[in-house]
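Descriptive structure summary
These are the residues of each chain, in order.
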Amino acid sequence: MNLADRLKNDPFLKRLSDLLGEREAYVVGGYPRDLFLGKRSPDIDIVVLEDVRKFVEPIRELGPVDFRFSEFMTAKFLFPDGRVLDLARARRERYPRPAVLPEVEPAESIEEDLWRRDFSINAMAISLKRTNFGELIDPTGGLEDLQRGRIRVLKEGSFRDDPTRAYRAIRYSLRFNFSYDSLTECEFDLARKYVRLLSFPRIENELRRGSAEERRAEFFHEAEARGLFPWEHRKPALKELKDLDGLLAERKEEDWILFFALFLPEGPGVLEFVHSLPLEKPEKKALLDFLGLRDEEIEMDPGEFHLKHGKSAEEALLVLAAFRPALRDFILDYLERKKKATPQISARELIEMGFTGRKIGEILKKIKILRLQGKIRTKEEERSFVQSQLDERSGR
């Protein structure tokens, strides 16, 4: 099958083919898959059968580009329009032990490279060679699986070698509304067994990717149901996860930590567990802030709530709203009020009115609380409040 006509809408690839000439180069992975699904893939993965360094100069002729080399015989090119091109040498892989990164060596053919991949739908290639531009290489039957709506691993033991493939299977199944074939269903049992051998950063990476998916609530729910949370955890209902999804402004990878918060175990040891995780400071703060609120009796007064929890991460409050639906309206109202609660009167004006030192900060804090409570709404009302404080000080 030749796809040259389908590629006419992407002049980038045709120009790349012209620049590469008769060198063997193939578009692989998500691009061919998405082409058949009628979707546009913003990133392009290219596999070549020679040293990738020989391809740098032709690719640079496509226009201004930043590039860097990385491990596993690969290079990444970043174009000004946001397009990313990943260049890799065809390789074969061997997993010396379950759940470890593979040992790699150059492959002798594109077919050998395709057979090492995770799923058949990601194991198709399109030739960029000038004389057979657009030719489809599909040794594993990926196109048939696409047409049947099926996620299929390429060998028995796939999820033992790399349990992260289980998370990816769930993502693809939900993204494309595909089902799993019988072998892939069996592979989830292996993933459940070997996922505990993965480092936390490798699991985090998969949760991040899942958090950017449209059906991310279902992703987290299915990942837990299939045993892919290899530590003690609570089991949030799908509705809880969907409620959180609805509270967040947009779907992005950084939201993974908020979904993760809903899985934090209850009972002793949870703080030690959070402190043990290799997280960035803002992520750890969001988890700890949520834990500080999770079981606490909440004062349903925005001013009092702010005095006690005003330094809590906003993200932690959104998680709390999903975890405790009875607080949802109050928390959303508080967050909206907080946006408008900054005093309009300035410190300079307070100084001119006779306040000094710490008293200035105290007055501004009181004004903010009153704004949160709806007792002050305008700058004129702020000045009236300040004047009342002056009168009180002078005994008037």
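Please read all numbers here as calculations on a predicted model, not as lab measurements.

1. A closer look at the overall build of the protein chain
When helices and strands are counted, the protein chain shows 20 helices and eleven strands. Whereas a compact globule of 396 residues would reach a radius of gyration of roughly 21 Å, the protein chain reaches 28 Å, over 25% beyond that. In terms of overall dimensions, the protein chain has C-alpha extents of about 95 × 50 × 35 Å along its principal axes. Evaluated residue by residue, the protein chain yields a buried proportion of 51% over its 396 residues. Accessible area of the protein chain: about 19900 Å², with a carbon and sulfur share of 47%. Side-chain charges of the protein chain comprise 72 positive and 74 negative groups, with the mean position of each set lying 3 Å from the other.

2. Quick word on the nonpolar core
Of all hydrophobic cores here, the largest spans 102 residues; its most connected members are Ile 46, Leu 87, Phe 260 and Leu 264. The element that contributes the greatest number of residues to this core is helix H16 (residues 314-323), accounting for eight residues. When near neighbours in sequence (up to four residues on either side) are disregarded, Phe 260 contacts Phe 200, Leu 207, Phe 229, Trp 231, Phe 273, Leu 277 and Leu 287.

3. What about the layout of surface pockets?
Reported here for the largest pocket is a volume of approximately 1800 Å³. At the level of secondary structure, the elements contributing two or more residues to the lining of the largest pocket comprise helix H2 (30-36), strand S2 (43-48), strand S3 (66-70), strand S4 (74-78), strand S5 (84-89), strand S6 (91-94), helix H7 (164-176) and helix H9 (200-211). Broken down by element, the lining of the largest pocket gets its largest block of residues, six residues, from H7. Broken down by class, the residue content of the lining of the largest pocket amounts to 17 nonpolar, eight polar and 24 charged. Empty space within the second largest pocket amounts to approximately 260 Å³.

4. Overview of the packing of aromatic side chains
One pass over the structure, following the stated rule, counts 22 aromatic pairs. Judged by centre distance (5.0 Å) and plane angle (70°), the ring pair of Tyr 180 and Phe 188 falls under edge-to-face. Tyr 180 gets classed as buried once you look at its relative accessible area, which sits at 13%. A residue is classified by how much of its surface remains accessible, and Phe 188, at 2% relative accessible area, is buried. A connected cluster of aromatic rings, assembled from ring pairs, spans Phe 200, Phe 219, Phe 220, Phe 229, Trp 231, Trp 256, Phe 259, Phe 260, Phe 263 and Phe 273. One residue, Arg 83, lies across the ring of Phe 12, its end atom 4.8 Å from the ring centre. Taking NZ or CZ as reference, Arg 171 lies 5.5 Å from the ring centre of Tyr 172, over its face.

5. Quick notes on the sheet that holds S5
Read from one edge to the other, the open sheet built from seven strands follows the order S3-S4-S5-S2-S1-S8-S9, with strand pairing classed as mixed. Edge strands, defined here as strands with exactly one partner in the open sheet, are S3 and strand S9 (136-137). Relative to S9, strand S8 (residues 125-127) is paired through two bridges, and the arrangement is antiparallel. From the neighbouring strand, Ile 126 faces S9, where its bridge partner is Leu 136. Together, strand S1 (25-28), S2 and S5 form the strand contacts of helix H1 (residues 11-20), whose direction differs from that of S2 by roughly 25°.

6. Some words on helix H14 (residues 281-294)
Across its 14 residues, H14 extends 20 Å between first and last C-alpha, which sits within 8% of the 20 Å expected from 1.5 Å per residue. Along its buried surface, H14 packs onto H9, helix H12 (256-261), helix H13 (270-276), helix H15 (302-309) and H16.

7. A word on the pairing of S2
Relative to S2, S1 is paired through four bridges, and the arrangement is antiparallel. Each residue of the ladder has a partner; that of Val 27, found in S2, is Ile 46. Pairing of S2 with S5, which is carried by six bridges, proceeds in the parallel orientation. Among the inter-strand pairings, Ile 46 is bridged to a residue of S5, identified as Leu 87.

8. What to know about the packing of H16 against helix H17 (residues 328-339)
At their nearest, the axes of H16 and H17 sit 8 Å apart, and the two run at 160° to each other. Regarding the angle of H16 to H17, the classification is roughly antiparallel. Where H16 crosses over H17, the handedness of that crossing is left-handed. Here H16 contributes Glu 314, Leu 317, Leu 318, Leu 320 and Ala 321 to the contact with H17, which in turn contributes Arg 328, Ile 331, Leu 332, Tyr 334 and Leu 335. Here the contact of H16 with H17 is built from residues that sort into eight nonpolar, no polar and two charged.

9. A word on the side chain of His 309
Mapped onto the elements of the fold, His 309 is located in helix H15. Owing to a relative accessible area of 9%, His 309 belongs among the buried residues under this scheme. Setting aside residues up to four positions removed in sequence, His 309 forms contacts with Leu 293, Glu 296 and Ile 298.

Definitions and limits used
- Every chain's residues receive numbers from 1 upward, in the order its sequence appears when written.
- Residues qualify for local features only when their pLDDT is at least 70, as the model is predicted, and side-chain atom pairs are given and counted only at 80 or more; totals for whole chains, interfaces and linings, by contrast, use all residues.
- As a rule here, side-chain values cover all heavy atoms of the structure and leave hydrogens and water aside.
- The helix and strand labels rest on DSSP assignments: H or I over at least four residues marks a helix, E over at least two residues marks a strand, and numbering proceeds from the N terminus.
- We take the radius of gyration over the C-alpha atoms and set the globule estimate at 2.2 Å times the residue count to the 0.38 power.
- Under the scheme applied here, a residue whose accessible area is under 20% of the maximum for its type counts as buried, over 50% as exposed, and between as partly exposed, the area being computed with a 1.4 Å probe on protein chains only.
- For the area figures, the Shrake-Rupley method with a 1.4 Å probe applies, and any residue is considered shielded solely by the protein chains shown.
- Charge counting follows a simple rule: Lys and Arg are positive, Asp and Glu are negative, and His as well as the terminal groups are ignored.
- For the purpose of locating charges, the reference atoms are NZ of Lys, CZ of Arg, CG of Asp and CD of Glu.
- Remark: nonpolar core denotes a set of buried residues (Ala, Val, Leu, Ile, Met, Phe, Trp, Tyr, Cys) joined through side-chain atoms within 4.5 Å.
- Here a residue-residue contact requires only that any non-hydrogen atoms of the pair lie within 4.5 Å.
- Space inside and on the surface of the protein is sampled on a 1 Å grid over the protein atoms alone, with a cavity defined as a set of points where a 1.4 Å probe fits but cannot get out and a pocket as an open set with protein on both sides within 12 Å along at least 5 of 7 lines; lining residues have an atom within 4 Å of a point.
- Grid points are joined across faces, edges and corners, and a volume is the space filled by probe spheres set on the points.
- Following the grouping adopted for this structure description, the nonpolar residues are Ala, Val, Leu, Ile, Met, Phe, Trp, Tyr, Cys and Pro, the charged ones are Asp, Glu, Lys and Arg, and the polar ones are all others, Gly among them.
- Any Phe, Tyr or Trp ring, taking Trp's six-membered ring, that has another such ring centre within 6.5 Å forms a pair; planes under 30 degrees apart are called stacked, those over 60 apart edge-to-face, and the others tilted.
- For a lysine, the NZ atom is tested; for an arginine, the CZ atom; a charge sits over a ring if that atom is within 6 Å of the ring centre and within 35 degrees of the ring normal.
- Any two strands with at least two DSSP bridges between them are considered paired.
- To get an axis, fit a line to the C-alpha atoms, keeping to the stretch in contact for a helix; angles then go from 0 to 180 degrees between the N-to-C directions.
- One fewer than the residue count of a helix, multiplied by 1.5 Å, yields its expected span.
- Throughout, the term roughly parallel applies to angles under 35 degrees, roughly antiparallel to angles over 145, roughly perpendicular to angles from 65 to 115, and oblique to all others.
- By definition, any crossing whose near helix is turned counterclockwise from its far helix by less than a right angle is left-handed, and any crossing with a clockwise turn is right-handed.

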